[in-house]
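Spelled out from the first residue to the last, the chains are:
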Amino acid sequence: MNHDIKAGSYLDAPHGIASWLLTKDHKRIALLYLISITVFFIIGGIFAAGIRTELMTPEGDLFTADMYNKVFTLHGVVMIFFFLIPSIPATLGNFLVPIMCGAKDLAFPRINLLSWYLYVAGASLTIGAVALGGVDTGWTFYTPYSSMASNTNVTLAALGVFIAGFSSILTGFNFIVTIHRMRAPGLTWFRMPLFLWAHYATSLVMILGTPVVAITILLVGAERALGFAIFDPRVGGDPVLFQHLFWFYSHPAVYIMILPAMGVISELVAAVSRKQIFGYSFVAYSSLAIAIIGFLVWGHHMFVSSQSIYAGLVFSIITMIVAVPSAVKTFNWTATMYKGSITWDSPTYWVLGFMGLFLIGGLTGLFLGTMGLDVHLHDTYFVVAHFHYIMVGGGVMGFLGGVHFWWPKMTGRIYPETAGKIAAVLVFVGFNLTFFPQFVVGYLGMPRRYHAYPEEFQILNVLSTGGAAVLGAGYLLILAYLVASFFKPRNAPANPWGATGLEWDIPSPPTTFNFEHDPVVTEDAYDYVGRARKAREN
Amino acid sequence: MQSSFPLFPQAASSIASEVDLLYFFILAVASFFAVLVSVAVVFFAIKFRRRHADEIGHDIHGSIALELIWSIIPFVLAMVMFFWGADLYFRIARPPADAMDVYVVGKQWMWKVQHPEGVREINELHVPLGRPVRITLGSEDVLHDFYIPAFRVKMDAVPGKLTTLWFTATKTGSYHVFCAEYCGTQHSGMIGQVIVMEPHDYEAWLAGGRSTGTAVQNGEKLFTQLACITCHKTDTSGRGPVLTGVFGSTVQLMDGRQVIVDENYLRESVMNPQAKIVLGYQPIMPTFQGTVSEENLLQLIAYIKTLKATTPESPEGGQ
Ligand code: HEM
Ligand SMILES: [Cu+2]
Ligand SMILES: [Cu+2]
């Protein structure tokens, strides 16, 4: 290791494992989260590799059917609950929300640490369920399969998800209070970076939605363990009720996964273009609109579930409406680049990649929100492709873009630019090769969660598996150079991208209390013009 | 039946080409926007690339006019999709009155099919060309989903309920049936074939099938065997209501509600009789949950549906 330690950096003082495991510093907690979610991303990725290898051939030859079902279930559970939901909020959000507010920490530092422990506890239970033989219900835990038919460790896995849910509730609660109460003097709502707006909206969804899924999953556990009759049709329960409760949370949950990524991209677009975001207030309000309207569309997962066709109508029209704010954001990002001063540093690659993939993800949502078409598409690979474009194409690209952008700030280290660009291209190409064929095979009618499939779908599946290999190589490359950067000197400048924002005015890495003097904010976010004017005047 | 490496599914039902048309419409709109934005983004990134290290972008903050344009145009397009899709969905959801009835029960992990004439098959469904077919779906255990990609229709089979799906096949041949709702170990093995035949071939096939009595005949037998008949008589002397003409009628319940008698109501009356009590009767009907299988239930329902006021005891169908 190097020894050119900058005095007072949060990374150095205090020393020792205990100082990390008991830290109340939001930046250290962010790193704890970053390490844990990376572990889960790798575990989830190994399961994904298993799925794609099995699907190289039409026969189910690599795994037994039961094993395959466990593999895709754990892939989903791990990726959604233990990687993607905490990804941006718990790492970049934890690190940046207080700094962007101009605060020393989150409002409740101890609760922040508690939320990490809850996450670890939940994750351990779920891993325990894996060790004891796995779970096979799919990440959606649909009843009555999950409540009466499956003889796997559903209760334990469900309990893990239940507990992890509290960690996101606490994070959301902490962010909301921080953003309300701890903004620096002069930092009015409409001067806030859009990253804060996005995290505010996400936090609303976290605290309003998560309790519902937590209780729903608990009910499944109660039905399994204690014989409560809630979803079991044999005793008058209603299996479809579960779907309502589940999607009431899980549709908004998809926004927990994408809104923070939208926040990251808003920051990145402005920074790589050195320009005020186009239509700031429209981008800010669209986050809130998405968070709120997103609570009213859950029934679009149930068009063929025996839900009333009139209810379906309402869900369909609201679904189509919620697509509009996403479109507005996309147009505003595009317009921000117009007459910008656009760098071709690695963050730009992630921005472009995000735009391309999120666009396809959002647009294919329109096919699914259209009822007559969803009858054919529901539960096929078309849906699988759609949500991967959104969650991996949008969510994970946003996450990686953010990690690359703020890496110098978080660690004080610089990663190799060329490797960063190659990785972004590999991820983009690999991703499209993996998931685009799934739209085609989905329209052809291949259902999801199939261990074996008719031969005529093979070529498209082989393409998809090939793409997954490229995608995996891209991710591994990123892991390699980011880890390697830790062994390099800490020589990142305070503001490597020449961006605006409070986080770029403090050293890289920041000191424990972030700011030497409490900051006062006198200008709008992304005020490149104002800053240049001041520089000229001085 | 299909080329060995298809990129687009066959269209073999009356609704399929309509679904495809909507698909192509949305595909065109989506492609337009995808290309528009991608080209703009890449073009801007190149055209406005940074020329020197401390260059900054122009001082542009936004434009209300543009915001309105790019909110309203997508909104209008989304509404076109919505109305088009909703109209199509209603047509997919509502079977024509003259449709022929087939009963399908899903269970881990097979499809059991019962034709009105009594022929049964497993994981195969023979249907005549050009005639609307209405499938009443039940499930014996967990959720399943009866999906025929070539017809662009699917419907969940929900335990504790009956659901329906219909189609008119327009091309002879055989097409995949998939279970599209995850149901456990052999979910991907819960597949079968729909075989669309010329009407006269279908008749011949039916005649050659091992009929075990029509659904209605079987239902009538069950009605006696299960002693329904002791309470439900053809006159009002029984302890239960007369079932003649009950299907499609409106029933007054004890709690003041009214219900229209459909398959799901009949199903519930047998499996969970305490859920809705008919006005003027005691809640004495025993539950048949566990005694009556999902298939028998469909036969009972088929039978009760034929009890018309004019010809109370003459079942339809048969040969
Ligand atoms: C922009 C407009 C969007 C529309 C109109 C839309 C529409 C839909 C619809 C109708 C479905 C249900 C399909 C089916 O199961 O038959 C669906 C599935 C899904 N969508 Fe979207 N979506 C949009 C954006 C998003 C976003 C932003 C996310 C996530 C961040 C997302 C994530 C998902 C997920 C995870 C599923 C599938 C869940 C599952 O069945 O496992 N979608 N989408
Ligand atoms: Cu949804
Ligand atoms: Cu199935």
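Here we summarise the structure given alongside this text. As a convention, each chain's residues are numbered from 1 in the sequence order in which they are written. As they are written, the chains are lettered A onward and the ligands numbered 1 onward, keeping that order. Local features in this predicted model are restricted to residues of pLDDT 70 or higher, and side-chain atom pairs are both shown and tallied only at a pLDDT of 80 or more, whereas totals for entire chains, interfaces and linings draw on every residue. Computation of side-chain values: all heavy atoms of the structure, hydrogens and water removed.

A few words now on the packing of aromatic side chains. A pair of Phe, Tyr and Trp rings is counted when the ring centres sit within 6.5 Å of each other, with Trp represented by its six-membered ring. The angle between the planes then sorts it: under 30 degrees is stacked, over 60 is edge-to-face, the rest tilted. Summed over the entire model, instances satisfying the criterion amount to 72 aromatic pairs over all chains. Grouping aromatic residues by their ring pairs yields a cluster made of Phe367(A), Phe382(A), Tyr389(A), Phe431(A), Phe435(A), Phe436(A), Phe439(A), Tyr443(A), Phe8(B), Tyr23(B) and Phe24(B). A ring is considered to have a charge above it if a Lys NZ or an Arg CZ atom is located within 6 Å of its centre and within 35 degrees of its normal. A cation sits over an aromatic face here: Arg183(A) above Trp189(A), 4.4 Å from the ring centre. Lys154(B) extends its terminal NZ or CZ atom over the ring of Tyr147(B), reaching a point 3.8 Å from the ring centre.

Below, the discussion takes up the packing of helix 2 (residues 26–54) of chain A against helix 3 (residues 65–101) of chain A. Residues and elements named next belong to chain A. Axis definition: a line fit to C-alpha positions, over the contact stretch in the case of helices; interaxial angles, taken between N-to-C directions, run 0 to 180 degrees. Starting at the N terminus, helices and strands are each numbered in turn, a helix being any DSSP run of H or I of at least four residues and a strand any DSSP run of E of at least two. Where helix 2 meets helix 3, the closest approach of the two axes is 8 Å, and the angle between their N-to-C directions is 155°. Our classification of the angle between helix 2 and helix 3 gives roughly antiparallel. In terms of crossing hand, the pair formed by helix 2 and helix 3 is left-handed. Three classes are used: nonpolar for Ala, Val, Leu, Ile, Met, Phe, Trp, Tyr, Cys and Pro, charged for Asp, Glu, Lys and Arg, and polar for all others, with Gly counted as polar. For the contact of helix 2 with helix 3, a count of residues per class yields 23 nonpolar, seven polar and two charged. Working rule for angles: under 35 degrees goes down as roughly parallel, over 145 as roughly antiparallel, 65 to 115 as roughly perpendicular, anything else as oblique. Left-handed describes a crossing whose near helix is turned anticlockwise from the far helix through less than a right angle; right-handed describes the clockwise counterpart.

Attention now moves to helix 3 of chain A. All names here are of chain A. The first and last C-alpha atoms of helix 3 sit 51 Å apart over 37 residues, in line with the 54 Å expected at 1.5 Å per residue. Take the seven residues that end at a residue and the seven that start at it, fit an axis to each, and the angle between those axes is the bend at that residue. Along helix 3, the sharpest kink reaches roughly 60°, centred on serine 87 and followed within four residues by the proline proline 89. Counting buried positions along helix 3 gives 34 out of 37 residues, so the element sits mostly inside the fold. The positive-phi residue at the C-terminal boundary of helix 3 is glycine 102, with phi of around 80°. In this analysis, the expected span of each helix is defined as 1.5 Å times one less than the number of residues it contains. Buried residues are those whose accessible area, probed at 1.4 Å on protein chains only, stays under 20% of the maximum for their type, while exposed residues exceed 50% and partly exposed ones sit between those limits.

It is worth spelling out the sheet that holds strand 1 (residues 100–107) of chain B at this point. All names here are of chain B. Ordered by their spatial adjacency, five strands build an open sheet running 3-2-1-5-8, and the pairing between neighbours is mixed. Of all strands in the sheet, those bounded by a partner on one side alone are strand 3 (120–122) and strand 8 (163–168). Sheet twist, expressed as the average angle between the axes of neighbouring strands with direction ignored, equals 25°. Here, any two strands with at least 2 DSSP bridges between them count as paired. Looking at chain direction, strand 2 (residues 110–114) and strand 3 are connected through three bridges and run antiparallel. Directly across from valine 113, in strand 3, lies its bridge partner glutamate 121.

It is worth spelling out the pattern of salt bridges at this point. Just to be clear on terms, a salt bridge is a Lys or Arg side-chain nitrogen sitting within 4 Å of an Asp or Glu carboxyl oxygen. Evaluation of the coordinates by the stated rule reveals 20 salt bridges over all chains. With a shortest N-O distance of 2.8 Å, Asp12(A) and Arg490(A) are connected by a salt bridge. Taken together, the residues span a long stretch of sequence, with Asp12(A) in the segment before helix 1 (17–21) and Arg490(A) in the loop between helix 15 (458–485) and helix 16 (528–537) at a distance of 478 residues. Since its relative accessible area comes to 11%, Asp12(A) is described here as buried. Taken together, the shared-partner salt bridges in this structure form one network comprising Asp101(B), Arg134(B), Glu263(B) and Lys305(B).

A few words on the site of ligand 1. Residues and elements named next belong to chain A. Nearness is defined per residue: one heavy atom within 4 Å of the molecule or strand is enough. Near ligand 1 you find 22 residues, and of these Val254, Asp374, His378, His386 and Ile390 are the closest. In protein, a polar contact means a hydrogen-donor-capable atom and an acceptor-capable atom, both N or O and within 3.5 Å, with residues adjacent in sequence counting only if both atoms are side-chain atoms; elsewhere, any N or O pair within 3.5 Å suffices. Between ligand 1 and the protein, one listed contact pairs an oxygen atom with a side-chain N or O atom of tryptophan 139 at 3.2 Å. Contact between ligand 1 and aspartate 374: an oxygen atom at 2.7 Å from a side-chain N or O atom of the residue. Cavities and pockets were defined on a 1 Å grid built over protein atoms only: a cavity is a set of grid points that admits a 1.4 Å probe from which the probe cannot escape, a pocket is an open set flanked by protein on both sides within 12 Å along at least five of seven lines, and lining residues are those with an atom within 4 Å of any such point. A molecule is counted as occupying a cavity or pocket when more than half of its atoms fall within 2 Å of that pocket's grid points. Of the pockets mapped on this structure, ligand 1 occupies the largest cavity. Counting residues per element, the ones that place at least two in the shell around ligand 1 are helix 8 (239–273), helix 10 (309–337), helix 11 (346–369) and helix 13 (381–411).

The next thing to look at is the interface of chain A and chain B. Any two residues whose heavy atoms approach within 4.5 Å are treated as being in contact. Facing 95 residues of chain A, the contacting portion of chain B comprises 90 residues. Two parts placed together each lose some accessible area; with a 1.4 Å probe, that loss summed over both constitutes the buried area. Here chain A packs against chain B, burying approximately 7800 Å² in sum over the two surfaces, 71% of which is carbon and sulfur. When the area that chain A buries against chain B is broken down by residue, the three leading residues are Phe331(A), Tyr443(A) and Glu456(A), summing to 9%. Summed over the shared surface of chain A and chain B, the result is zero salt bridges. For the interface between chain A and chain B, the tally reads 30 residue pairs in polar contact (both at pLDDT 80 or more). A per-element tally of the side of chain A that touches chain B places helix 10 of chain A first, with 16 residues.

Attention shifts here to the environment of Pro89(A). Residues and elements named next belong to chain A. Within the element layout of this structure, proline 89 appears in helix 3. Taking the relative accessible area as the measure of exposure, proline 89 reaches 2% and is therefore buried. Between the C-alpha atom of proline 89 and that of threonine 522, which follows or precedes it by 433 residues, the distance is 27 Å. Look past the residues within four positions of proline 89 in its chain and what remains in contact with it is Asn94, Phe175, His199, Thr202, Met206 and Pro260.

What follows deals with helix 9 (residues 280–293) of chain A. All names here are of chain A. A rise of 1.5 Å per residue sets the reference length of helix 9, with its 14 residues, at 20 Å; its end C-alpha atoms lie 20 Å apart and thus fit the reference within 8%. Here helix 9 has its buried residues at Tyr280, Val283, Ala284, Ser286, Ser287, Leu288, Ile290 and Ala291. Of the surrounding secondary structure, the elements contacted by the buried residues of helix 9 are helix 7 (194–226), helix 8 and helix 10.

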